[in-house]
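# Coordinate analysis (summary)
Chain residues, written in single-letter form:
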Amino acid sequence: MDDSAVDRQVVGGLLEQRADFEVAYAENGTDALLKMERSCPDVVVTDINMPQKNGLELVRAMRVHFGGVPVILITAQGSEELAVQALEHGAASYVPKMMLSGKLIPTVDEVLAAVSVKRSYSRLTGSIDRTEFDFTLENDLALFDPLIELLQQIVHGMGLCDDTDQFRIGMALKEALLNALFRGNLEITFQQMRGKVGPLLAGEPVPIVEERRRQFPDRRIRMKVRINPRQAEFVIRDDGRGFDTRNVAGPVDLGALHADAGRGIVLMRAFFDDVTYNEQGNEVTLVKRRA
Amino acid sequence: MTKQPSGSPAGGEGPAESAGDGRKVVNWNIALQCVNGDRQLLRDIAEAFLDESPRLLTEMRRAIASSDSRALRRAAHSLKGSTGYFGSARASQMAARLQSMAERGELTGAADELAAVEPEVAKLARILVDYLAGRIDPSK
């Protein structure tokens, strides 16, 4: 959705490069909401700068009327504060306009994966009073999605979040786990991993990952989960050397919206009530309180 | 990345269409990168730009004449982004300046800035017409 025909063409055209995506267009937020009444989409991609309803207003309206449909923002320089507010109020993720060609499709895939939580255990998870889990995970990406799905179901079932926050929590936990796996345990930089997560998930060998797994065979990710009716706390710790957390300890860094590498931290800060690191920088604690 | 012209994607130097005075008006490397190499999509975007840019310029003229900062900001933002897709750094930077003026609500000088951006957009439009007519090969 975009009021600019050129932007609409670029975003829609990139999405249509995927044969399994069906794309519908809207020129403004009101038009989008009317179209959604007729045919509910799996995901909405919108420019943050829009006439009639800007991205923040749309996100708020979507949360009321279409709480299960995630919104991805297209951000640009000059709209950082609006983008952060929209992330805090319900947007699922964002793609800087200058990175559309490389980041749009992977971001849509990530968001769709977070939304596709099956509701099979909803009655059961709704009956949980409190729960605790301690996981010790091998450095295997394939463990993340089932783990996140389990946690999303429990947090939602216990009434700690609505439909919108359910997939946002999933996305932020995924970012934290990816950070622990690649940046922490395997000491692989964001740049080194660029374009390799897809092949890795598809089971293809990725040489640097194989090499680092051999180099650090004993490293694990430890995750402690404490969920009660008031809040959910997730502590994710890796066995890596840690990193300097001074730059990520404050509120959301508006400049990070334009950087490829800072996205995980932006999403974690926007979606959780508290995000804290230990001194070494190899453990992050994420807290979500009941609204 | 943040040092790139606002709204334009990352990309290196490459073959570009000149304004006649040696300056680059279109950077086809950036344009092709924006569409992941999809030539049909590039044509679609060029057509959308030719349809939309006159409307944006008209809107900006009207907004400046009526001191409508909000409308100017929106139109300048759209023009900044759409010129950026073609690697038109100069036009994109000028549109960014207009957007910034509108955000500050300081429209003094906006008419002059707009007068400077109009010929840049016209040059870009001419090149895109040549491209759509098959007179320019973006891979060369």
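## Quick look at the overall build of chain A
For chain A, the count of helices and strands is 12 helices and 8 strands. On C-alpha atoms alone, chain A measures out to a radius of gyration of 19 Å, which is about the 19 Å that the 2.2 N^0.38 rule sets for 291 residues. Structurally, chain A occupies a C-alpha span of about 55 × 45 × 35 Å along its principal axes. Considering only contacts in chain A between residues 6 or more positions apart, those separated by 24 or more positions represent 67%.

## Notes on the sheet that holds strand β2 (residues 71-75) of chain A
Residue and element names in this part refer to chain A. Sheet architecture is open: 3 strands sit in the order β1-β2-β3, paired in parallel fashion. Looking along the sheet, the strands with just one partner apiece sit at the ends: β1 (44-47) and β3 (93-96). Each adjacent strand pair in this sheet contributes to an overall mean axis angle of 25°, direction not counted. Where β1 and β2 come together, 4 bridges link them in parallel fashion.

## Quick word on the domain arrangement of chain A
All names here are of chain A. The domains assigned to chain A are domain 1 (5-115) and domain 2 (122-289). Relative placement of domain 1 and domain 2: their C-alpha centres are 24 Å apart. On the domain 2 side, the residues contacting the 23 residues of domain 1 number 16 residues. Here the residues of the side of domain 1 that touches domain 2 sort into 12 nonpolar, 6 polar and 5 charged.

## Describing the packing of helix α2 (residues 39-65) of chain B against helix α5 (residues 110-132) of chain B
Residue and element names in this part refer to chain B. Between α2 and α5, whose axes approach to 10 Å, the crossing angle comes to 160°. By the angle class used here, α2 and α5 are roughly antiparallel. Our pair here, α2 against α5, has a crossing hand that is left-handed. Counting all contacts with α2, which are made through Arg43, Ala46, Glu47, Phe49, Leu50, Ser53, Leu57, Met60, Arg61 and Ile64, the residues of α5 involved are Ala110, Ala111, Leu114, Glu118, Val121, Ala125, Leu128, Val129, Tyr131 and Leu132.

## Things to note about the confidence of the model for chain B
All names here are of chain B. Taken over all residues, the pLDDT of chain B has a mean of 85, while the share at 70 or more is 84%. Per-element confidence in chain B is highest for α2, whose mean pLDDT is 95, and lowest for strand β1 (residues 16-18), whose mean pLDDT is 54. Every residue in residues 1-16 scores below 50 in pLDDT, and together they form 55 contacts with partners more than four places removed in sequence or on other chains.

## Observations concerning helix α1 (residues 5-16) of chain A
For α1(A), spanning 12 residues, the distance from its first C-alpha to its last is 16 Å, which sits close to the expected 16 Å at 1.5 Å a residue. By the criterion of burial, α1(A) is predominantly enclosed, with 9 of the 12 residues buried. Within α1(A) the residues assigned to the buried category are Ala5(A), Val6(A), Asp7(A), Arg8(A), Gln9(A), Val10(A), Val11(A), Gly13(A) and Leu14(A). Where α1(A) is buried, its residues contact β1, β2 and α5 (100-115) of chain A together with α1 (28-34), α2 and α3 (69-85) of chain B.

## A closer look at the sheet that holds strand β8 (residues 283-289) of chain A
All names here are of chain A. Taken in spatial order, the 5 strands make up an open sheet running β4-β5-β6-β8-β7, and their pairing is antiparallel. Every interior strand has two partners, whereas the edge strands, β4 (131-137) and β7 (274-277), have only one. On average, adjacent strands in this sheet sit at an angle of 10° to one another, irrespective of strand direction. Alignment of β7 against β8, held across 4 bridges, turns out to be antiparallel.

## Comments concerning the environment of Ile154(A)
Along the chain, Ile154(A) turns up in helix α7 (residues 144-157). In this structure the C-alpha to C-alpha distance between Ile154(A) and Thr131(A), which are 23 residues apart in sequence, comes to 8.9 Å.

Criteria and thresholds
Residues numbered from 1 in each chain as written. Chains lettered and ligands numbered in written order. Predicted model: local features only at pLDDT ≥ 70, side-chain atom pairs only at ≥ 80, totals over all residues. Helix = DSSP H or I, 4+ residues; strand = E, 2+ residues; numbered from the N terminus. Rg over C-alpha atoms; globule rule 2.2 N^0.38 Å. Contact = placed C-beta atoms within 7 Å. Pairing = 2+ DSSP bridges. Axes fitted to C-alpha atoms, helices over the stretch in contact; angles between N-to-C directions. Domains from an automatic or database assignment. Nonpolar A, V, L, I, M, F, W, Y, C, P; charged D, E, K, R; others polar. Parallel < 35°, antiparallel > 145°, perpendicular 65-115°, else oblique. Left-handed = near helix turned anticlockwise from the far one by under 90°. pLDDT = per-residue confidence, 0-100. Expected span 1.5 Å × (residues − 1). Buried ≥ 20, exposed ≤ 12 C-beta atoms within 10 Å, placed from the backbone.

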